[in-house]
Amino acid sequence: MGTGKSSVGRLVAEQLRFAFLDTDTVIEARAGKTIAEIFTTDGEAAFRELETKIVRELTERAHTVISTGGGLVMKPENMASLKTHALVVCLWASPEGIYARVKNQNHRPLLQDAEPLEKIRQLLAERTPAYKQADVLLNTEIRSPREVAQQVLHQFRIARTAPPVQA
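Just so it is clear, the model here is predicted, and its values are computed rather than measured.

Participant: What should I look at first to understand the overall build of the chain in this one?
Facilitator: Helices and strands together make up the secondary structure of the chain, namely eight helices and four strands. Relative to the compact-globule value of 15 Å for 167 residues, the chain shows a C-alpha radius of gyration of 16 Å, a close match. For the chain, the spread of C-alpha atoms along the principal axes amounts to about 50 × 35 × 30 Å. Counting the 167 residues in the chain, one finds 40% classified as buried. Counting only contacts in the chain whose residues sit at least 6 apart along the sequence, the fraction spanning at least 24 positions is 70%. Of the roughly 9800 Å² of accessible surface on the chain, a fraction of 51% belongs to carbon and sulfur atoms. Of note, the chain has its 22 positive side-chain charges centred 6 Å away from the centre of its 20 negative side-chain charges.

Take a look at the structure:
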């Protein structure tokens, strides 16, 4: 959250002439309600199930840049599925950097907390092991979305030209 996934993802998709898909947007369209409403009425577990369903569907997509919610990779099956057909890039920022970017946004259900900065620290601490499973980790703290997009494109081109790894 707040690392630039959507902004960077759109820029990368544009450069590659790929489609752009945001899993949160797909979930909202299918559910007919916002992520915040899903959290309130159905709970986080129901939201996470919707994410997993979409991840399964994505295995059939090609030429698509996919932006996911930050908690999606907490289910190992989601990360494993994405890695079968995609270069998984984790955009990273410090808790303070994230908070500075999202503090005035009210559509983030996980930040409806008395201490949002502390909540961000907690979420990052819980999620870091999963984030480290990504193929590429990029710090977005002091880079513009365009600079980060260029780094993602560079990593994508390297991954495309690298010979397959033999297990």
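Let us keep going from here.
Participant: Explain the packing of aromatic side chains here, please?
Facilitator: Given two aromatic rings, their pairing is described by the distance between the two centres and the angle made by the two planes. The full count for this structure, using the stated rule, is three aromatic pairs. Look at F18 and F156: their rings are 5.9 Å apart centre to centre, the planes differ by 90 degrees, and that puts the pair in the edge-to-face class. One end of the pair, F18, is in the loop between α1 (5–16) and β1 (19–22); the other, F156, is in helix α8 (residues 145–161), and 138 residues separate them in sequence. Its relative accessible area of 18% is what places F156 among the buried residues.

Participant: Even after reading the chapter, I still don't get the pattern of salt bridges, so can you show me in this structure?
Facilitator: Side chains bearing opposite charge may pair, as long as their charged atoms lie close to each other. Considering all chains together, one arrives at nine salt bridges under this definition. One salt bridge connects K75 with E49, and the closest N-O pair in it is separated by 2.5 Å. In this pair, K75 sits in the loop between β2 (64–67) and α5 (76–85) while E49 sits in helix α4 (residues 44–58), placing the two residues 26 residues apart along the sequence. The class of K75 is partly exposed, set by a relative accessible area of 22%.

Participant: Where do I start with unusual backbone geometry in this structure?
Facilitator: Across residues other than glycine, the phi torsion is negative in most instances, and most of the peptide bonds are trans. Here the phi dihedral of R17 falls at roughly 60 degrees; this positive angle occurs in a residue that is not glycine. Its place among the elements puts R17 in the loop between α1 and β1. The backbone of H63 sits at a positive phi, close to 50 degrees, despite the residue not being glycine. Relative to the elements of secondary structure, H63 occurs in the loop between α4 and β2.

Participant: So what exactly am I meant to see when it comes to the environment of A149 here?
Facilitator: Along the chain, A149 turns up in helix α8. With a relative accessible area of 2%, A149 lands in the buried category. Separated by 134 residues in sequence, A149 and Q15 have C-alpha atoms that sit 8.9 Å apart. Excluding its chain neighbours within four sequence positions, the residues that come into contact with A149 are V8, L11 and V12.

Participant: It is not clear to me how the packing of α1 against α8 should be interpreted in this structure. Could you clarify?
Facilitator: Relative placement of two packed helices is described by the angle separating their axes and the distance separating the axes. One can describe the packing of α1 onto α8 by two numbers: an axis separation of 9 Å at closest approach and a directional angle of 55 degrees. Comparing their axes, α8 and α1 come out oblique. As for the relative orientation of α1 and α8, their crossing is right-handed in sense. Residues S7, V8, L11, V12, Q15 and L16 of α1 pack against P145, R146, V148, A149, V152, L153 and F156 of α8. Considering only residue class, the contact of α1 with α8 consists of 10 nonpolar, two polar and one charged.

Participant: How do you make sense of the environment of I38 when you look at a structure like this?
Facilitator: Tracing the chain through its elements places I38 in helix α3 (residues 35–41). Distance in space between the C-alpha atoms of I38 and D24 is 11 Å, their sequence separation being 14 residues.

Participant: What should I look at first to understand the environment of L91 in this one?
Facilitator: Relative to the elements of secondary structure, L91 occurs in strand β3 (residues 89–92). Taking the C-alpha atoms as reference, L91 lies 13 Å from A130; in sequence the two are 39 residues apart.

Definitions and cut-offs
- Sequence order as written defines residue numbering, which begins from 1 separately in each chain.
- Reporting in this predicted model follows two pLDDT cut-offs: at least 70 for local features of residues, and 80 or more for side-chain atom pairs to be given and counted; totals over whole chains, interfaces and linings ignore these cut-offs and use all residues.
- Side-chain metrics in this entry use all non-hydrogen atoms of the structure; hydrogen atoms and water are not considered.
- Numbering goes from the N terminus for both helices and strands, where a helix is a DSSP run of H or I of at least four residues and a strand is a run of E of at least two.
- What the globule rule says is 2.2 Å times the number of residues to the power 0.38, and the radius of gyration is computed from C-alpha atoms.
- The rule is simple: take the accessible area with a 1.4 Å probe, protein chains only, and divide by the maximum for that residue type; under 20% is buried, over 50% is exposed, in between is partly exposed.
- Contact between two residues is taken to exist if any of their heavy atoms lie within 4.5 Å; hydrogens are not considered.
- Method for areas: the Shrake-Rupley scheme with a 1.4 Å probe, in which residue coverage is limited to the protein chains shown.
- By the counting scheme adopted, Arg and Lys are positive, Glu and Asp are negative, and His together with the chain ends is not counted.
- Think of each charge as sitting on NZ of Lys, CZ of Arg, CG of Asp or CD of Glu.
- Side-chain rings of Phe, Tyr and Trp (the six-membered ring for Trp) are treated as a pair once their centres are within 6.5 Å; stacked means planes under 30 degrees apart, edge-to-face means over 60, and tilted covers the remaining angles.
- For salt bridges, the criterion is a side-chain nitrogen of Lys or Arg within 4 Å of an Asp or Glu carboxyl oxygen.
- Orientation is described by lines fitted to C-alpha atoms, with helices fitted over the stretch in contact, and by angles between N-to-C directions that extend from 0 to 180 degrees.
- Note on terminology: angles under 35 degrees are roughly parallel, angles over 145 are roughly antiparallel, angles of 65 to 115 are roughly perpendicular, and the others are oblique.
- Throughout, a crossing is termed right-handed when the near helix is turned clockwise from the far one, and left-handed when it is turned anticlockwise from it by less than a right angle.
- Think of it as three bins: nonpolar holds Ala, Val, Leu, Ile, Met, Phe, Trp, Tyr, Cys and Pro, charged holds Asp, Glu, Lys and Arg, and polar takes everything else, Gly as well.

These values are about where atoms sit, not about what they do.
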